[in-house]
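Coordinates in review
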Protein chains: 2
Amino acid sequence: MNYTFSSTMQAFQSSAVREILKLTQGKSIISFAGGLPAEELFPMSAMQAAFNRVFEMGNHSLQYGLTEGFIPLREAIAERMRRKGMNVTKDEMLLTTGSQQAIDLLTRVYIDPGDVILVQQPTYLAALQVFQARGAKVVSVSGDEEGMDLDDAARKIAEYKPKLLYVCPTFSNPTGYVWSGERRQGLLKLCRDNNVLILEDDPYGELKYDSGESYPSIFSYEDKAEGSAVVYTSTFSKTAAPALRTGWVMGDSEVIRSMAKAKQACDLHSSTMDQMALYQLLSGFDLDGHIETIRGHYHGRMKLMTELLEGLRKYGLKWNAPKGGMFLWLELPEGLKAEELLKEAVQQGVAFVPGSSFYAGEPKYNTMRMNFTHADRDTMTLGMQRFAAALELVQSKQV
Amino acid sequence: MNYTFSSTMQAFQSSAVREILKLTQGKSIISFAGGLPAEELFPMSAMQAAFNRVFEMGNHSLQYGLTEGFIPLREAIAERMRRKGMNVTKDEMLLTTGSQQAIDLLTRVYIDPGDVILVQQPTYLAALQVFQARGAKVVSVSGDEEGMDLDDAARKIAEYKPKLLYVCPTFSNPTGYVWSGERRQGLLKLCRDNNVLILEDDPYGELKYDSGESYPSIFSYEDKAEGSAVVYTSTFSKTAAPALRTGWVMGDSEVIRSMAKAKQACDLHSSTMDQMALYQLLSGFDLDGHIETIRGHYHGRMKLMTELLEGLRKYGLKWNAPKGGMFLWLELPEGLKAEELLKEAVQQGVAFVPGSSFYAGEPKYNTMRMNFTHADRDTMTLGMQRFAAALELVQSKQV
């Protein structure tokens with residue numbers, strides 16, 4: 001057979017993270033590359049109890065379910081969302097296979113090839129893959145630690161007439177930045193005035209290190225989901241467990257209905273067994289207390305990683321100290337490409353993601369992303385020693 | 001907001017089954033419409049034990065997994081497939097969210113808008129939705145109870161130069177027909193000679209009523225997966241439990257790798273918790289014995305439904321007695337549209353799917369599909385009484 005793949009297949013480049021993980025197979029590599037939560041913190045016994053309660057509910061729990069997802073879980077999530085100021089009902093919500101599927105489904109129902117999507121610079125690489133595979137034209141908007149540059153956003157909206165704008169405003173992947181309230185409200189007004197739909201991706205919002213702080217979602221600045229300019233997606237992957245692949249997406253019911261139709265063709269529905277178990281978990285377990293625990297651990301790991309980085313300032317390395325989330329965003333000295341550093345790092349037994357993967361347009365090659373939530377203290381310390389050795393070697397070669 | 005959906009969104013028609021289920025909400029309707037397995041036969045205690053064993057494996061079971069799916073389950077399925085004469089390894093296999101996702105993924109990576117896909121007439125409606133949403137041109141090939149008409153297939157291949165041919169040769173949805181070995185081999189040769197990829201959808205193959213019979217898959221007539229003209233998909237939804245949404249797809253490793261890349265963008269991976277539980281189920285439970293039990297029950301239910309239909313022959317009703325699967329395909333008298341009958345049936349408290357939904361081209365309006373696996377004896381008897389009443393009423397109105 002001579003296989004003739006679709007033209008859009010060419011756009012499906014394998015992600016850099018994936019390629020790096022291939023390099024590390026069979027080697028004893030400490031990886032700061034993936035966005036993995038700390039598995040020793042997973043609520044194992046509560047989760048096991050939740051699954052057992054689902055089995056006590058009877059045989060119906062193993063039957064086909066609704067495309068939109070298990071109703072009691074949708075109701076419970078809607079209640080959680082309302083507590084965060086988001087006015088939403090179960091009918092304005094669809095359960096998905098992680099929030100990744102929400103990005104894919106909205107792209108299917110809203111974007112035609114050639115349509116323009118605005119994104120942050122840098123932005124989540126697996127969203128870029130979805131947009132590019134759809135044949136969309138992806139345009140970056142500049143920004144800083146406070147969020148998107150609203151003047152640049154206004155210019156690009158006027159110039160490109162985008163249909164969609166994709167943002168991750170709270171502890172962004174890859175930078176860890178959190179937007180100010182002004183930028184959130186300003187962007188919402190701008191998009192509403194210009195009929196641009198916002199896709200707000202919020203997988204990390206719960207992982208804020210200062211419990212007293214509040215970062216209202218862009219969606220929460222809308223009165224209600226009906227007619228909303230925002231489609232909001234989040235997930236249990238970072239708060240409960242990734243293996244259950246349960247995310248949700250909410251917005252105007254017309255948009256959600258369209259996405260449900262598309263989902264029916266994609267996979268009929270996601271695992272209702274997992275959805276039922278998460279409903280039981282929410283009912284019988286203090287998830288908010290558990291999230292508080294995770295926050296404390298992740299904050300400690302972030303501080304440890306930045307402490308371990310201090311010794312590398314002499315090489316011209318810069319980084320931010322994020323207020324939440326899972327990632328550090330680092331800047332290498334001008335002229336040092338993260339791809340070059342990675343090759344040496346893998347030799348030394350440590351991995352990360354070069355920043356260039358996260359750019360829709362011209363990348364900054366001297367940037368990189370490091371995850372600090374997965375490795376424990378000893379592993380992180382050893383990994384950072386290896387990273388320092390790699391950096392030292394590469395810098396000495398450059399001189 | 002004025003939402004501007006994608007042009008392909010127009011192709012996402014909600015399925016007829018779905019619309020019918022809406023009609024039945026809040027009413028006491030007996031539905032022969034859905035393709036639901038008998039939930040009282042689900043292996044509840046074995047499944048619960050399987051989930052508990054996953055939890056004993058440790059925290060890693062709740063972590064992110066591979067896009068391709070849990071390796072031990074892929075190995076176990078490959079072993080099962082080899083016992084059925086299909087020469088495949090785990091690297092030529094991808095786990096999916098039901099076999100529905102396999103149809104969607106292959107369509108994404110193989111089909112561009114305007115490409116031609118050949119299908120049986122009638123065929124699985126949710127496959128038609130995927131193909132139409134992709135902008136493919138879908139062309140029907142005629143056939144009979146033995147399978148596709150190979151002369152018509154050859155003509156259509158010459159005329160339309162299709163890239164893909166989609167078939168469900170064993171207990172087809174909706175007809176329940178099973179193809180002869182000659183047709184399977186003939187079609188394989190034809191497609192191989194003309195570089196047409198075959199997507200063989202086999203969700204029902206295990207549900208054969210005569211255990212002594214053997215219906216080798218089209219895939220099994222290939223020496224090996226490498227270079228194969230066949231991509232084969234099946235699922236645990238009809239043998240273990242639909243709620244776990246675990247299917248698999250196998251074929252040439254180049255095709256499977258492409259589908260894995262597409263899946264990564266769609267949803268990263270399916271529930272590995274469910275995949276691990278199914279692996280434990282395969283290890284600690286006699287699934288083949290369980291399937292044997294299901295076969296017996298379904299055979300009995302099929303016989304009951306056809307017995308109950310006997311009294312309706314006087315209205316000119318015709319049907320087949322399938323050798324396996326979940327569906328009866330019925331022909332109404334010429335001139336009686338199944339849609340008309342359905343309206344009256346819903347009034348009487350019973351539902352089915354009009355056959356027209358299953359046609360890519362000009363439908364036969366006097367056809368319909370009935371599921372016989374979900375209802376128990378009493379429910380089926382009552383449902384068929386209601387169906388008889390509806391048919392009688394509609395016929396009397398026509399005269």
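In the nomenclature of an unreviewed UniProt entry, chain A corresponds to PLP-dependent aminotransferase family protein from the organism Paenibacillus contaminans. UniProt, in its Cofactor (unreviewed entry) section for chain A, records the words "pyridoxal 5'-phosphate".

Okay, the state of the cysteines next. For the structure on display, the rule yields 0 disulfides over all chains. A:Cys266 takes part in no disulfide bond, and the closest cysteine sulfur, belonging to B:Cys266, lies 6.3 Å away. The buried category is assigned to A:Cys266, whose relative accessible area is 3%.

Under the counting rule described, the total for this entry stands at 25 aromatic pairs over all chains. Taken together, a centroid distance of 5.8 Å and an interplanar angle of 90 degrees make the contact between A:Phe352 and A:Phe387 edge-to-face. Here A:Phe352 is found in the loop between strand E13 (350-351) and strand E14 (353-354), whereas its partner A:Phe387 is found in helix H12 (residues 377-398), with 35 residues between them in sequence. Residues B:Phe131 and B:Tyr166 carry aromatic rings whose centres are separated by 5.6 Å and whose planes lie at 75 degrees to one another, so their mutual orientation is edge-to-face.

A few words on helix H8 (residues 253-267) of chain B. Note that an α-helix has 3.6 residues per turn; residues three or four places apart therefore point the same way. All names here are of chain B. The terminal C-alpha atoms of H8 lie 20 Å apart, and with 15 residues this matches the ideal 21 Å at 1.5 Å per residue to within 8%. Along H8, 12 of the 15 residues are buried, which leaves the element largely enclosed by surrounding structure. Looking at H8, one finds that the buried residues are Ser253, Val255, Ile256, Ser258, Met259, Ala260, Ala262, Lys263, Gln264, Ala265, Cys266 and Asp267.

Right, let's get into the UniProt feature "domain: Aminotransferase class I/classII large" (unreviewed entry) in chain A. Here, UniProt's "domain: Aminotransferase class I/classII large" (unreviewed entry) annotation points to residues 46-380 of chain A. Along residues 46-380 of chain A, the helical share is 41% and the strand share 16%, with 28 Å between the first and last C-alpha atoms.

Turning our attention to the relation of the copies chain B and chain A. By a simple turn and slide, chain B fits onto chain A: the slide is 0.0 Å along the axis, the RMSD is 0.0 Å, and the turn is 180 degrees. In the structure described here, the two chain copies are related by an operation that fits a two-fold rotation axis. No C-alpha of chain B lies nearer the rotation axis than that of B:Ser271, which sits 3.5 Å from it. A symmetric contact is evident, with 100% of the interface residues of chain B recurring at the interface of chain A.

Bringing the domain arrangement of chain A into the picture now. Residues and elements named next belong to chain A. The domain architecture assigned to chain A consists of domain 1 (7-42 + 289-398) and domain 2 (44-284). With centres defined by C-alpha atoms, the gap from domain 1 to domain 2 works out at 25 Å. Domain 1 puts 34 residues into the contact, and the matching count from domain 2 is 35 residues. Approximately 2900 Å² of surface area, both sides summed, lies buried where domain 1 meets domain 2, with 63% of it carried by carbon and sulfur atoms. Of all residues in domain 1, Phe42, Arg295 and Phe358 bury the most surface against domain 2, accounting for 22% of the area lost on that side. Run the count over domain 1 and domain 2 and you get 1 salt bridge. Measuring nitrogen to oxygen at the nearest pair gives 3.9 Å for the salt bridge that ties Arg295 to Glu206. Only helix H10 (287-310) and strand E12 (327-331) provide two or more residues apiece to the side of domain 1 that touches domain 2. Element by element, the count of residues in the side of domain 1 that touches domain 2 is highest for H10, at 8 residues.

What counts as what
- Residues numbered from 1 in each chain as written.
- Chains lettered and ligands numbered in written order.
- Predicted model: local features only at pLDDT ≥ 70, side-chain atom pairs only at ≥ 80, totals over all residues.
- Heavy atoms only, no water.
- UniProt positions renumbered as here; feature names shortened; annotations may be inferred.
- Disulfide = S-S within 2.5 Å.
- Buried < 20%, exposed > 50% of the residue type's maximum accessible area, 1.4 Å probe, protein only.
- Phe/Tyr/Trp six-rings, centres within 6.5 Å; stacked < 30°, edge-to-face > 60°.
- Helix = DSSP H or I, 4+ residues; strand = E, 2+ residues; numbered from the N terminus.
- Expected span 1.5 Å × (residues − 1).
- Least-squares fit on C-alpha atoms with pLDDT ≥ 70 in both.
- Contact = heavy atoms within 4.5 Å.
- Domains from an automatic or database assignment.
- Buried area = accessible area lost by both parts, 1.4 Å probe.
- Salt bridge = Lys/Arg side-chain N within 4 Å of Asp/Glu carboxyl O.

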